[in-house]
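Listed below are the residues making up each chain.
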Amino acid sequence: MDKGIFMDEEILQKVIMEQAAQDRVECIFKTVGIHFQEIPKLRLEYRNIRMISHLWGFTSLSRLDLNNNLIEKIEGLDRLVNLTRLNLSFNKIEKIEGLGYLQKLELLNLSNNRISVIENMDTLEKLTHVFIANNLLGQLENVVYLRRFKNLFTVNLYGNPVSKRDDYKYYIAAYLPDLTCLDYRLLDEKTKKEASKKYCHVLDEIKCAELQMQRADEVEQSRAAEVKLHLDAFVEFLNGSPLFDCMLKDDPVAETLHRRPEVAHLLQTFERQMVALCMQLFETGLTEHKRRQAEVDSFFSGQNGAVTHYQQRASEILATFEQQHKSRKAELQQLSEPDLLKVKIDHCKEENKQLCTSLMALEFQLVRQQEDIIKKLDSNIADMIGNFSETAHGIFAQCRDLEDNYHKNLQVIVETLENVDKDNRHGDMLDHDQTLFGDKDALMDALATSHENHLLKISERETQLITRADAWRASLTKGIEEKELRRSRLRISDIHRHADYLWEQLEDLALHNETHTT
């Protein structure tokens, strides 16, 4: 029994070079090396592969062929977010899984495996072609799962137990009304109309349920987007009374005192003023978030424009050099006199060196420009965050002032109520109220503790806002700098590899001529 092989970087590099040779582009890899993140297609069929692995670097991959192997489980594909075509046919797969991150996938071929259930494909909304022929699908109702794919053009379920059902064709045509091809055969309008009539009542119920689910999903998506916006603006739960409610939560003294009409009126005023301040900060936060986002968008637009401009200039330099280099190589190949050949080769080497110098100078210009615009972005964002933080400090200070005033007025009311209630101690007061007002010192201590807790809640929310805003700014700048550093290092590495390749060409030419002359 063939145990198969496991994928690793060595195998992948070998496959890429073989693939490049077939496509006659292997010279590219010899010139600049193999960068997995730049490979658009990968053919790994007929290689006895048992497990999918080491594909995390292929982030630009759009097509992956793994058919006719020994694969038993779909895994290791999470980083292939740009994949549009995936062929896993003729393997030993028993379950559909591991496809959640392939949201751009359009074609999925799982034919000739051991799959019994269509499942775990919810995120593949762009699917147009699904092939699951010659598997073990036994429940026709399971095919209804494919209704979620609104762009579905063709489905192949031939060779499954479900395809042998008498009503198979009409069932599929009814439940997938937008389908054009089934099992490589065109679904004509007559078949679709007959299927629609046959299953009309069941379809009406399904459509109604789907509509309700769609509306619920839209509501949830809208809510999630709103929550994310508030979080990104650092003002979550400040649009209303959540902060006020948090302050008074689990406060038994406040709960008792609030039963008194005098205190209830004071509390209502406090809440109204507190909510007004929170809403002011909330609206300010959303406005500032919009300004920051516009600044970041403008930065990335300018950054991409600068990189594109320098790439175009580098391409022009290379195009001019390659044209001249081609002529120089042709001239060298015609020379037979060793001394003259050596002079010409040295001249070519000097030209190659000058090319490298020019490309490096261009790259360093871009790096300096990027450093300047990153510093400008950081400065602008720092000013925005600083201004927003200052505004937040001011509003939270007002919240603390409101709490102080509320506490002082509450103390005055308690003093007044104590004097009034001395004569009504045996009236209609509740037992808990009598106990509370019976010990003035204990009540004042409880009020002081409550006041401190309220101020603490305000300060904690203030600290959370300021800390997260500062952390976001630092993370933004660091992320941009690291990405730019990786880009620059990769570019410089490519320049050096290209220079080495040109140098090796000249050395090979000189060696060949020397051997030929000898």
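Because the structure is predicted, anything quoted here is derived from the model rather than measured.

A count of helical and extended segments in the chain gives eleven helices and ten strands. Here the chain has a C-alpha radius of gyration of 36 Å; the compact-globule value for 518 residues is 24 Å, and the former is much larger. Along the first, second and third principal axes, the C-alpha atoms of the chain reach 125 × 75 × 45 Å. Counting contacts in the chain only where the partners sit at least 6 residues apart, residues at least 24 apart contribute 60% of the total. Working note: accessible area of the chain is about 29,600 Å², and carbon and sulfur atoms make up 52% of it.

Right, let's talk about the confidence of the model for the chain for a bit. Summary statistics for the chain give a mean pLDDT of 88 and a share of 91% for residues scoring 70 or more. A low-confidence stretch, residues 24–32 (pLDDT under 50), is modelled with 16 contacts involving residues beyond four sequence positions or located in other chains.

The next thing to look at is the packing of helix α3 (residues 168–175) against helix α4 (residues 189–198). For the pair α3 and α4, the least separation of the axes is 8 Å and the interaxial angle reads 85°. With respect to α4, the element α3 is oriented roughly perpendicular. Here K169, Y170, A173 and A174 of α3 come into contact with α4, specifically with T191, K192, E194 and A195.

The full count for this structure, using the stated rule, is 19 salt bridges. Across the pair E236 and R468 runs a salt bridge, and its minimum N-O distance is 2.6 Å. Here E236 is found in the loop between α5 (200–232) and α6 (242–248), whereas its partner R468 is found in helix α11 (residues 440–517), with 232 residues between them in sequence. A residue is classified by how much of its surface remains accessible, and E236, at 9% relative accessible area, is buried.

This part is about α3. Of all the eight residues making up α3, six are buried; the element is thus mostly covered by neighbouring parts of the structure. Taken together, the buried positions of α3 are occupied by Y168, Y171, I172, A173, A174 and Y175. Where α3 is buried, its residues contact β9 (181–182), α4 and α5.

The computed volume of the largest pocket comes to approximately 670 Å³. Lining of the largest pocket is provided by 16 residues; of these, R148, K150, M213, Q214 and D217 occupy positions nearest its centre. Grouping the constituent residues of the lining of the largest pocket by class yields six nonpolar, two polar and eight charged. Taken as a whole, the second largest pocket encloses approximately 450 Å³ of empty space. In terms of lining residues, the second largest pocket is bounded by 14 residues, among which K483, E484, R486, R487 and L490 are the most central. Listed by contribution, the elements that provide at least two residues to the lining of the second largest pocket are α8 (261–334) and α11. Element by element, the count of residues in the lining of the second largest pocket is highest for α11, at seven residues. Residue composition of the lining of the second largest pocket, by class: four nonpolar, five polar and five charged.

On to unusual backbone geometry. For N48, which is not glycine, the phi torsion reads 55° and is therefore positive. If you trace the backbone, N48 turns up in the loop between β2 (41–43) and β3 (49–51). Take N48: its relative accessible area is 35%, and that puts it in the partly exposed class.

Checked against the element boundaries, H454 lands in helix α11. Setting aside anything within four residues of it in sequence, one finds H454 in contact with M247, L248, D251 and E403.

The next point concerns empty space enclosed by the protein. Any empty space left between atoms is shown by rolling a water-sized probe over those atoms. According to the stated counting rule, one finds one cavity of 30 Å³ or more in the structure shown. What lines the largest cavity is a set of 13 residues, among which Y406, L410, L447, S450 and H454 lie closest to the centre. Listed by contribution, the elements that provide at least two residues to the lining of the largest cavity are α7 (252–257), α9 (338–421) and α11. A class-by-class count of the residues in the lining of the largest cavity yields six nonpolar, five polar and two charged.

Turning our attention to a negative patch on the surface. Together, E371, D372, E481 and E482 make up a negatively charged patch on the protein surface. Elements supplying a minimum of two residues to the negative patch: α9 and α11. One can find E371 in helix α9. Judged by its relative accessible area of 42%, E371 is partly exposed.

Moving on: the packing of α5 against α8. The N-to-C vectors of α5 and α8 enclose an angle of 85°; their axes lie 9 Å apart at closest approach. Here α5 is positioned roughly perpendicular relative to α8, judged by the angle of their axes. Listed contacts from α8 to L229, H230 and D232 of α5 are F282, L286, H289 and R292. Taken together, the residues of the contact of α5 with α8 sort by class into three nonpolar, two polar and two charged.

Rules used throughout
- Residues numbered from 1 in each chain as written.
- Predicted model: local features only at pLDDT ≥ 70, side-chain atom pairs only at ≥ 80, totals over all residues.
- Heavy atoms only, no water.
- Helix = DSSP H or I, 4+ residues; strand = E, 2+ residues; numbered from the N terminus.
- Rg over C-alpha atoms; globule rule 2.2 N^0.38 Å.
- Contact = heavy atoms within 4.5 Å.
- Areas by Shrake-Rupley, 256 points an atom, 1.4 Å probe, with all protein chains shown as cover.
- pLDDT = per-residue confidence, 0-100.
- Axes fitted to C-alpha atoms, helices over the stretch in contact; angles between N-to-C directions.
- Parallel < 35°, antiparallel > 145°, perpendicular 65-115°, else oblique.
- Salt bridge = Lys/Arg side-chain N within 4 Å of Asp/Glu carboxyl O.
- Buried < 20%, exposed > 50% of the residue type's maximum accessible area, 1.4 Å probe, protein only.
- 1 Å grid on protein atoms, 1.4 Å probe; cavity = no way out; pocket = protein on both sides within 12 Å on 5 of 7 lines; lining within 4 Å.
- Points joined across faces, edges and corners; volume = space filled by probe spheres on them.
- Nonpolar A, V, L, I, M, F, W, Y, C, P; charged D, E, K, R; others polar.
- Patch = residues over 30% accessible without salt bridge, like charges linked within 9 Å, V, L, I, M, F, W, Y side chains within 5 Å.
- Lys, Arg positive; Asp, Glu negative; His and termini not counted.
- Charge placed at Lys NZ, Arg CZ, Asp CG, Glu CD.

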